[in-house]
Amino acid sequence: MPTNKCSVLKRIYAFLIDFVLVLITSLVFEMACSVPLFNVCFSFQDKCNTLIVEQVKTGLYYFVDENFVIVANDENTEEEIISCYQQKKTLYDVKTLVYQKNDLYKSDFYLSSLDKFNYLYDESNFINNEKEKSELFSYIDNQYVFKEDVSEEKRIEFCDEILKNTNKAFNVYKDGKINNLLNEVSILRIGSKSFGYFIMTLIFLFIIPLCNKYKSTIGQLILKLSVVDKYYVYAGWSFLLLRYLAIFIFEIMVGIFTFGIVSLISFAMMLILRNGYCLHDLISFTQVVDRNEFEPFNNLKEYKDFIDEEKENTDKSLRKPYES
């Protein structure tokens, strides 16, 4: 009977060759295809522009020049806001501008920004509720205004307190926008990397073995190893596909999420088990043999003929002492 005498070292060397090939070609693939695809098809810059416009439109952010003079605010068009962003104008929040201690931005400016945000983005109408409870305001012409005797410091202090509380609503809005963009970017980046690795592992671990006589990866071809089924017949496409899926799903994808534990278990199995089975060998009902030790069969008929011949030779050897 044929036995699997494949050297563990040979399998390790073959794996290292295939791993390096997959890694290098995946990086080349990502640089050549995935990055342009990401930039062009998913319009990353457009999404950044949209996020900046949305941030300014809240009324709490302003583009200013080197003298802290506003050059773009929520009243500007999207094109004007994007132009300031592209010109690398500085974006400041309303509180920072007020605390510059100049005559351009005071409490009225501060409050108008908070009112703008409250009107558009805060469904709880928090600011007006606080104005109604505060002794700093008078209700005139259907709106709350600071009383004339309220000092500027008191007015700014009120706005600071409002901003502190309003930030809860603002952060929900802003963080939602930013997180959505960052999540999308992360998903696309991870997706592009995963797609590259998937394509290259598919080519090197399934298509190349499928297309050569010995059902071997490039590393296995170099070291004269072959993938066979339990009858020592060169593995068919269904066995190779199942083997590839087992490698990709369990030893690569699950291995990543388990910090390589599954891959280490598979490697340990190869060292411990008598026939050197890895996890993917057991799942796909395949094994790796060394063609220097044994030439696999091309089909099941060859295997059966070999078994019949072995049986006949065995029977003869058992009868020989009695025949003489």
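Residues numbered from 1 in each chain as written. Predicted model: local features only at pLDDT ≥ 70, side-chain atom pairs only at ≥ 80, totals over all residues. Heavy atoms only, no water.

(A) Summary view of the sheet that holds strand β2 (residues 70-72). The strand order across the open sheet formed by 3 strands is β2-β1-β3, and the pairing between neighbours is antiparallel. The open sheet has two edge strands with one neighbour each: β2 and β3 (90-93). Each adjacent strand pair in this sheet contributes to an overall mean axis angle of 55°, direction not counted. As defined by bridge partners, strand β1 (residues 61-64) adjoins β2 across 2 bridges and the pair is classed as antiparallel. Bridge pairing links Phe-63 to Ala-72 in β2. (Pairing = 2+ DSSP bridges. Helix = DSSP H or I, 4+ residues; strand = E, 2+ residues; numbered from the N terminus. Axes fitted to C-alpha atoms, helices over the stretch in contact; angles between N-to-C directions.)

(B) Spatial organisation of helix α10 (residues 261-272). Between the first and last C-alpha of α10 there are 16 Å, a value that for 12 residues agrees with the 16 Å anticipated at 1.5 Å per step. For α10, the set of buried residues is Val-262, Ser-266, Met-269 and Met-270. Axial view of α10: buried residues confined to an arc of 100°, hence all on one face. Looking at α10, the residues exposed on the side facing more than 90 degrees away from the buried face are Leu-264 and Ile-272. (Expected span 1.5 Å × (residues − 1). Buried < 20%, exposed > 50% of the residue type's maximum accessible area, 1.4 Å probe, protein only. Arc of directions from axis to C-beta.)

(C) Structural view of the pattern of salt bridges. Per the counting criterion, the structure on display carries 9 salt bridges. Taking the shortest distance from any N to any O, the salt bridge between Lys-10 and Asp-290 comes out at 3.0 Å. Note that Lys-10 is positioned in helix α1 (residues 8-41) and Asp-290 in strand β7 (residues 286-290), a separation of 280 residues in sequence. Each member of the salt-bridge network shares a partner with another, and the members are Arg-11, Arg-243 and Asp-281. (Salt bridge = Lys/Arg side-chain N within 4 Å of Asp/Glu carboxyl O.)

(D) Structural context of the side chain of Ser-26. Note that Ser-26 resides in helix α1. A relative accessible area of 2% means that Ser-26 is categorised as buried. When neighbours within four sequence positions are excluded, Ser-26 is seen to be in contact with Gly-196, Tyr-197 and Met-200. (Contact = heavy atoms within 4.5 Å.)

(E) Molecular detail of the packing of helix α9 (residues 237-257) against α10. Where α9 meets α10, the closest approach of the two axes is 7 Å, and the angle between their N-to-C directions is 140°. With respect to α10, the axis of α9 lies oblique. Residues Phe-250, Glu-251, Val-254 and Gly-255 of α9 touch α10, and the partners they reach there are Ile-261, Val-262, Ser-263 and Ser-266. A breakdown of the residues in the contact of α9 with α10 according to their chemical character gives 4 nonpolar, 3 polar and 1 charged. (Parallel < 35°, antiparallel > 145°, perpendicular 65-115°, else oblique. Nonpolar A, V, L, I, M, F, W, Y, C, P; charged D, E, K, R; others polar.)

As far as function goes, none of this settles anything; it's purely spatial.
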